[in-house]
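Working through the structure, step by step
Okay, here's what each chain looks like letter by letter:
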Amino acid sequence: MLEKSQQLLQRATKSIPGGVNSPVRAFKSVGGTPPFIERAEGAYLFDADGNRYIDYVLTWGPAIIGHAHPEVVEACQAAMAKGSSFGAPTELEIELAETMIARVPGLDVVRLVNSGTEACMSAIRLARGATGRDKFIKFAGCYHGHADSFLIAAGSGALTLGTPNSPGVTAGTARDTLLAQFNDLDSVRSIFETFPTDVAAIILEPVCGNTGCIPPDPGFLEGLRELCDAHGTVLIFDEVMTGFRVGYGGAAGRFGVTPDLYTFGKVVGGGFPLAAYGGREDLMRHVAPDGPVYQAGTLSGNPIAVTAGLKTLQLLTPEVYEQLEAASLRLSKGMQAIIDKHGYPMTQHRVGAMFGVFFSDQTVHTHEDVHGCDLDRFNAFFHAMLKRGVYLAPSQYEAGFLSTHHSDEIIDQTLEAAEDALAEVFAA
Ligand SMILES: *Cc1c(COP(=O)(O)O)cnc(C)c1O
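Computed from a predicted structure; not experimentally measured. (Residues numbered from 1 in each chain as written. Predicted model: local features only at pLDDT ≥ 70, side-chain atom pairs only at ≥ 80, totals over all residues. Heavy atoms only, no water.)

1. Focus on the overall build of the protein chain
What counts is decided by this rule: Numbered from the N terminus, helices here are DSSP runs of H or I no shorter than four residues, and strands are runs of E no shorter than two. Computation of the radius of gyration draws on C-alpha atoms alone. For the globule rule, the value is 2.2 Å times the number of residues to the power 0.38. A simple rule labels every residue: compare its accessible area, found with a 1.4 Å probe on the protein chains alone, to the largest value its type can have, and call it buried under 20%, exposed over 50%, or partly exposed in between.
A tally of helices and strands in the protein chain yields 14 helices and 14 strands. Expected size for 428 residues packed as a compact globule is a radius of gyration near 22 Å; at 21 Å, the protein chain falls within 12% of this value. For the protein chain, the spread of C-alpha atoms along the principal axes amounts to about 55 × 55 × 45 Å. Expressed as a percentage of the 428 residues in the protein chain, the buried residues total 56%.

2. What to know about unusual backbone geometry
Following Ala-288, the chain continues into Pro-289 via a peptide bond in cis, with omega recorded as 10°. As for its placement among the helices and strands, Pro-289 is situated in the loop between α9 (281-284) and α10 (303-315). Of note in the backbone geometry, Ala-68 takes a positive phi value of approximately 50° without being a glycine. Within the secondary structure layout, Ala-68 lies in the loop between β3 (52-55) and α2 (70-81). Note on Ala-68: relative accessible area 46%, which makes it partly exposed.

3. Remarks on the UniProt feature "modified residue: N6-(pyridoxal phosphate)lysine" (unreviewed entry) in the protein chain
Rules: UniProt positions are given in the numbering used here, feature names are shortened, and annotations may be inferred rather than shown by experiment. By the convention used here, residues are in contact when the closest approach between their heavy atoms is within 4.5 Å.
In the numbering adopted here, UniProt assigns the feature "modified residue: N6-(pyridoxal phosphate)lysine" (unreviewed entry) to Lys-266. Exposure remark for Lys-266: the relative accessible area of 26% places this residue in the partly exposed category. Lys-266 has contacts with Trp-60, Pro-62, Val-240, Met-241, Gly-271 and Leu-274, leaving out every residue within four places of it along the chain.

4. A closer look at the nonpolar core
Worth spelling out the cut-off: By convention a nonpolar core is built from buried Ala, Val, Leu, Ile, Met, Phe, Trp, Tyr and Cys residues, the set being connected through side-chain atoms within 4.5 Å. Domain start and stop positions are those given by an automatic or database domain assignment.
Of all hydrophobic cores here, the largest spans 102 residues; its most connected members are Tyr-56, Met-100, Phe-139, Ile-202 and Leu-204. A per-element tally of this core places helix α14 (residues 408-427) first, with nine residues. In terms of domain composition, this core takes at least three residues from each of domain 1 (3-64 + 318-427) and domain 2 (70-315). Sequence-distant contacts of Ile-202, that is, excluding residues within four places in its chain, are made with Ile-137, Phe-139, Val-188, Phe-192, Leu-224, Cys-228, Thr-233, Val-234, Leu-235 and Ile-236.

5. Notes on the state of the cysteines
Going by this rule: Here, a disulfide means two cysteine sulfur atoms that sit within 2.5 Å of each other.
Taken as a whole, this structure holds zero disulfides when the rule is applied. Cys-208 carries a free sulfur, and the closest cysteine sulfur to it, the one in Cys-142, is 3.8 Å from it. Cys-213 forms no disulfide, and the closest cysteine sulfur to it belongs to Cys-208, at a distance of 8.9 Å.

6. A few points about the pairing of strand β5 (residues 135-139)
Looking along a regular strand, one sees side chains alternate from face to face of the sheet. Definition in use: Here the rule is simple: two strands pair whenever DSSP picks up at least two bridges between them.
Most of β5 sits inside the fold, with five of its five residues counted as buried. Of the two faces of β5, the one holding Lys-135, Ile-137 and Phe-139 and the one holding Phe-136 and Lys-138 are both buried throughout. The sheet contact formed by β5 and strand β7 (residues 199-204) spans three bridges and is parallel. In the sheet register, Phe-136 faces β7, and the bridge partner there is Ala-201.

7. Brief notes about the sheet that holds strand β1 (residues 37-41)
Quick reminder of the rule: Helix axes use the C-alpha atoms of the stretch in contact, all axes being lines fitted to C-alpha atoms, and the angles between their N-to-C directions lie in the range 0 to 180 degrees.
What the four strands build is an open sheet, ordered β1-β2-β3-β13; its pairing is mixed. Strand pairing shows two members of the sheet lacking a second neighbour, β1 and β13 (390-391), which therefore form its edges. Along the sheet face, α14 touches β2 (44-47), β3 and β13 and points at about 105° away from the line of β3.

8. Here's the deal with the site of the ligand
Test applied: Any residue with a non-hydrogen atom lying within 4 Å of a molecule or strand is treated as near it. Polar contact is the term for a pair of N or O atoms within 3.5 Å; when the atoms are in protein, one must be able to donate a hydrogen and the other to accept it, and sequence-neighboring residues count only if both atoms are side-chain atoms. Note on areas: Shrake-Rupley, 1.4 Å probe, and residue coverage restricted to the protein chains presented here.
The immediate surroundings of the ligand are formed by Ser-115, Gly-116, Thr-117, Tyr-143, His-144, Gly-145, Glu-205, Asn-210, Asp-238, Val-240, Met-241 and Lys-266. Within the side chain of Lys-266, an N or O atom sits 2.6 Å from an oxygen atom of the ligand. Alone, the ligand offers 380 Å² of accessible surface; in the complex the protein occludes 83% of this.

9. Quick look at the sheet that holds strand β8 (residues 234-239)
Pairing between sheet strands relies on hydrogen bonds along the backbone, with the strands arranged either parallel or antiparallel. Strand order in this open sheet of seven strands is β4-β10-β9-β8-β7-β5-β6, and the pairing throughout is mixed. Pairing within the sheet leaves two strands with one partner each, and these edge strands are β4 (109-113) and β6 (177-180). Each neighbouring strand pair of the sheet contributes to a mean axis angle of 20°, computed without reference to strand direction. Here strand β9 (residues 261-264) pairs with strand β10 (residues 275-279) via four bridges, running antiparallel. Residue Phe-264 lies in a different strand from β10, and its bridge partner there is Ala-276.

10. Here's the deal with the packing of helix α3 (residues 91-103) against α10
What describes two packed helices is the angle between their axes and the distance between those same axes. Cut-off, in case you're wondering: Should the near helix be turned anticlockwise from the far one by less than a right angle, the crossing is termed left-handed; should it be turned clockwise, right-handed. Under this grouping Gly is polar, as are all residues other than the nonpolar Ala, Val, Leu, Ile, Met, Phe, Trp, Tyr, Cys and Pro and the charged Asp, Glu, Lys and Arg.
Relative orientation of the contacting elements α3 and α10 amounts to 35°, with a least axis distance of 9 Å. Crossing of α3 against α10: the hand is left-handed. Of the residues in α10, those in contact with Leu-92, Glu-93, Glu-95, Leu-96, Thr-99, Met-100 and Arg-103 of α3 are Pro-303, Val-306, Thr-307, Gly-309, Leu-310, Leu-313 and Gln-314. When the residues that make up the contact of α3 with α10 are grouped by side-chain class, the tally is seven nonpolar, four polar and three charged.

11. Brief notes about the pairing of β7
Applicable threshold: Whether a crossover is right-handed comes down to one check: with the strands pointing away from the viewer, does the path from the first strand over the helix to the second run clockwise; if it does, it is right-handed.
Summarising burial for β7: six of the six residues are buried, a large majority. Handedness of the β-α-β unit built from β7, helix α7 (residues 220-231) and β8 comes out right-handed.

12. Some points on the pattern of salt bridges
What counts, and what does not: Each reported salt bridge corresponds to a side-chain nitrogen of Lys or Arg within 4 Å of a carboxyl oxygen of Asp or Glu.
Enumeration over the complete set of coordinates arrives at 19 salt bridges. A salt bridge links Arg-285 to Glu-281; the shortest N-O distance between them is 2.6 Å. Since its relative accessible area comes to 38%, Arg-285 is described here as partly exposed. Note that Asp-420 is salt-bridged to Arg-388, the shortest N-O span being 3.2 Å. You can see Asp-420 sitting in helix α14 and its partner Arg-388 sitting in the loop between α13 (375-387) and β13, a full 32 residues away along the chain. What you see here is one network of salt bridges that share partners, running through Arg-225, Asp-229, Asp-260, Arg-280 and Asp-282.

Here's what the structure looks like:
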């Protein structure tokens, strides 16, 4: 069934580490062969072996209006014909910046970059440059790209000084990254007790999507806002995943808490390498050439990527978010009905068109809670779904996504597959 993909993987591993250009694609945690994808359209992926999958990964979030949307394809083809990069300013970039600013609360000024990693790295540099402080707080399980200072393992407890979780990250870098627990304000307070005036920034995913989809408990984001105000610390929402996904104004719009800085990526690039950071005007004016905090990029604001992002945002009207909300509600209600009917020890979360299904009957509020899930069962479920033509993220620690092409019919097919797959998984 995956013969061609198997051959391709064998060939790929010779020239590319693990045969992939981003580790999670290698299916290391679930095992087996990743299907090699040939093309995608709407809600579907098609692999090199001729299989079709209903896609809930959506290139890790960006394909919110479905793969290869005809209007995006057409706009990008037209842009392509005008030249793929100029290394000089364009009017398109202003349009994208203005479109973002009009939707996101407290977004005054925005700089375009090429990846979420770059956006987060630059936002931290800006917070440090503007405050003159070195340390920042991140939460165990939140992912902010692969820049050195973010690759710090989950410690046990708020005051654990970070230890690098990748060789190549120096102890010196790790020392300035302080770890707190998501949904635990006390863990943040105790860091401020130790370092009352040393913390440049708190960075977090307002909905933790790199631990499966964990929403903020009521009061958590508000509490962080107050702590940042009290300590002169910059609050950064990493909305690379949630921005323009969980609602018209992203997570900040949805939860009513406004950070000082944002990072964006994924949806805003419409499937191209485009990301952004931005926020409060007085902070953003520290960025070069307005100010001394340096950051640059040869392909930043690339016209094809900007065209795709802009077209995608234009198609994402408030009505479209209502449609996405209804579709994802249908999926999560259907899943809950299956879980309840059979009494499976499972729990789930959903925020807009983003969801997580956990193999645990406990509530899942933190990264630690996800460690307590039955990962073997998740892996079996993943493969049972793949076999039935449903492509989920190959890890319990990843969120699922819906697009505007996930129709009632497609969702109902998914639910049928899930009931079948779960019966197989729990019978084993
Ligand atoms: C994906 C992601 C990143 C990293 O973005 P890349 O474009 O992969 O570098 C950063 N933060 C969050 C929340 C993400 O989901």
